[in-house]
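Per-entry structural report
What follows is the residue order along each chain.
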Amino acid sequence: ARVLIQLGRPASADSVIQRARSALGSTRDLQYETAQLRAAMGEWEPSATAWRQALANDPQLASAATYALTPTPAGVRPAIRRILAMDPPERGARRALADLEIAWGEPQGAWEALRALPPDTETVVVWEDFGDRAMADERYALARDALGAAVRARPSPALALKAAKASLRAGAPAEVFTLLPMRDWPSDPARAATEYLPLHVEALAALGRGADAEALLAKYD
């Protein structure tokens, strides 16, 4: 079936899937092939349904789902969103939806797809990755939301630093002081001098507190 799809022969691939259904009584174990087939035939909603089932078993197929569903016509996209965003939120389906939203020019929708995931360790990795991509694309407000959610779920100095940079670029300099409080500086003086201090100074300057920025620099000269 996969080879026939690659050769541009979806009707023949469909006949193989139907023979499998007859032999096995189900295509439960062929959801990946079914999803690819339905996309190749332009049957976008059945494809999305099959992708959701395939992704529940293997979240690593998110990139393949995104590639297959990206050509979905604009009028059908709301239905694809509903299918992939069904409750309960599943990591693979939500990652695929987020990538689709970016491909469709809706980055805010991408974050909405991801923010509903349970805040566990794997989700924090997903949020951090999204935040890094948003920073690279200069979508600072999205980076602030994603990295802020990540650091709240799993606090760490590295995540706090990323979130502070995103907040500063997103026009929320006051958040720098909450994310990188000075009480934490003594535990990592090297990082404080080279990374925390410049962000605090920049945040103070952005808030119009030039005198405080100069005093802070003098203190840590």
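In this text, all values refer to a predicted model and were calculated from it rather than measured experimentally. (Residues numbered from 1 in each chain as written. Predicted model: local features only at pLDDT ≥ 70, side-chain atom pairs only at ≥ 80, totals over all residues. Heavy atoms only, no water.)

As for the pattern of salt bridges
Using the criterion set out here, one finds 16 salt bridges in the structure. Salt-bridge contacts for glutamate 101 lead to arginine 81; the nearest nitrogen and oxygen are separated by 2.7 Å. Pair noted here: glutamate 101 is in helix 7 (residues 91-103) and arginine 81 is in helix 6 (residues 77-84), with a separation of 20 residues, a long-range link. When its relative accessible area of 5% is taken as the criterion, glutamate 101 is described as buried. (Salt bridge = Lys/Arg side-chain N within 4 Å of Asp/Glu carboxyl O. Helix = DSSP H or I, 4+ residues; strand = E, 2+ residues; numbered from the N terminus. Buried < 20%, exposed > 50% of the residue type's maximum accessible area, 1.4 Å probe, protein only.)

Observations concerning the packing of aromatic side chains
Tallied over the full model, the rule gives five aromatic pairs. Their ring planes at 80 degrees and their centres at 5.6 Å tell us that tyrosine 32 and tryptophan 51 sit as a pair that is edge-to-face. You can see tyrosine 32 sitting in helix 3 (residues 31-40) and its partner tryptophan 51 sitting in helix 4 (residues 44-57), a full 19 residues away along the chain. Pairwise contacts between aromatic rings join Trp111, Trp127 and Phe130 into one cluster. (Phe/Tyr/Trp six-rings, centres within 6.5 Å; stacked < 30°, edge-to-face > 60°.)

Quick word on helix 6
Three or more residues of helix 6 are buried, namely Arg77, Ala79, Ile80, Ile83 and Leu84. Angularly, the buried residues of helix 6 cover 155 degrees about the axis, an arc narrow enough to put them on a single face. Structurally, helix 6 contributes buried residues whose contacts are with helix 4, helix 5 (62-69) and helix 7. (Arc of directions from axis to C-beta. Contact = heavy atoms within 4.5 Å.)

A closer look at the side chain of arginine 52
As for its placement among the helices and strands, arginine 52 is situated in helix 4. In contact with arginine 52, not counting residues within four places along its chain, are Ile83, Leu84, Met86, Asp87, Pro88, Glu90 and Ala93.

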